[in-house]
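Breakdown of the fold
Read off the chains here:
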Amino acid sequence: MSEPIIQLDSLSKTYKNGRGVHNISLEVRRGEVYGFFGPNGAGKTTVMKMLVGLSQADTGSARLFGYDVITHFTQAMQKTGVLIETAEAFEYMSGSANLALAARFYPELGKGRIDEVLELVGLLPYKQEKVAGYSLGMKQRLGLAAALLSKPELLILDEPTNGLDIEGMVDMRELMVSLAREQGMTFFISSHMIQEMELMCSRIGIIVEGRLVREGALNELVDGVHVASLEQLFMASVKQERGKAAHVHV
Ligand SMILES: Nc1ncnc2c1ncn2[C@@H]1O[C@H](COP(=O)(O)OP(=O)(O)OP(=O)(O)O)[C@@H](O)[C@H]1O
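Residues numbered from 1 in each chain as written. Predicted model: local features only at pLDDT ≥ 70, side-chain atom pairs only at ≥ 80, totals over all residues.

- The protein chain is annotated in an unreviewed UniProt entry as ABC transporter ATP-binding protein from Paenibacillus agricola.
- Looking at the protein chain in UniProt, the text filed under Sequence similarities (unreviewed entry) is "Belongs to the ABC transporter superfamily." (UniProt positions renumbered as here; feature names shortened; annotations may be inferred.)

Here is the structure:
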């Protein structure tokens, strides 16, 4: 079996308002496309921020490539590309100039790398245009291009197809699957779109109300509980977890 790239061990965080995530443990191995799936407000972004050291857990740990993201941040993030929430870019600069700015952090990259990533995400024809004129989908692609710049081995993407039209979604999905297959890249992708996850991911974790309620290979998850689809499994998991939460509150 290939080595673990992401290891979350009993990760918990509670915000002041009492919401947050509880006891999240999971592993993602090299070359997997892992779908982190849950409804709005379930806790996906909270987990992803802890995963990349943007926020600190109350208890538990997050390791990337075997390194703790808090105590060994540089090593953990060295081969990791990240796109969390909508990509930020300087609107008054072109797509290409934005990437040139980001590329300053990676002096080892060759001159052609910017065009290479722009080509990968389908933005090469628009590289001289100002980002202010880009659509939301184009900005999302530019964010992915920036995340790919350093030739990462792991990509952590929060809702990467957000704001894309159908064609954009298919393109983005195919790009991610091909990067995983051909370059052995590992992906951790959050989404609340079930069809997306089914088409793209080899393993899935379902998070509801801050708890990881199901986890495993896509086919095992569905077969194991005798449901016809991931959608059915998801709805059953949400009902079950919300039922439990209601029980606790009364
Ligand atoms: N900084 C914060 N302070 C207080 N509560 C927060 C904070 N950030 C998130 N929350 C709450 O924690 C819960 C999880 O939020 P999170 O953004 O992680 O969910 P999500 O699954 O990413 O949702 P979405 O799909 O809508 O982006 C929600 O109830 C949210 O309101």
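Past the structure itself, the notes keep going.
1. Regarding the pairing of strand S4 (residues 59-64)
- Pairing of strand S1 (residues 4-14) with S4 involves five bridges; the strand directions are antiparallel. Residue Ile6 lies in a different strand from S4, and its bridge partner there is Leu64.
- Across two bridges, S4 lies against strand S5 (residues 67-68) in antiparallel orientation. Paired with Leu64 across the strands is Tyr67, a residue of S5.
- The turn linking S4 back onto S5 is made up of two residues, and Phe65 within it adopts a positive phi angle of 50°. (Pairing = 2+ DSSP bridges. Helix = DSSP H or I, 4+ residues; strand = E, 2+ residues; numbered from the N terminus.)

2. As for the sheet that holds S5
- Sheet architecture is open: four strands sit in the order S2-S1-S4-S5, paired in antiparallel fashion. Edge positions in the open sheet fall to strand S2 (20-29) and S5, since each of these has one partner strand only.
- On top of the sheet, helix H1 (residues 44-51) reaches S1, S2 and S4; it is set at about 120° to S1, its chief contact. (Contact = placed C-beta atoms within 7 Å. Axes fitted to C-alpha atoms, helices over the stretch in contact; angles between N-to-C directions.)

3. Describing the site of the ligand
- Around the ligand, a shell composed of 13 residues is seen, among which Tyr15, Asn40, Lys44, Thr45 and Thr46 lie nearest.
- Per element, the largest residue contribution to the shell around the ligand is three residues, and it comes from H1.
- Of the residues belonging to the shell around the ligand, the class tally is two nonpolar, nine polar and two charged. (Near = placed C-beta within 6 Å. Nonpolar A, V, L, I, M, F, W, Y, C, P; charged D, E, K, R; others polar.)

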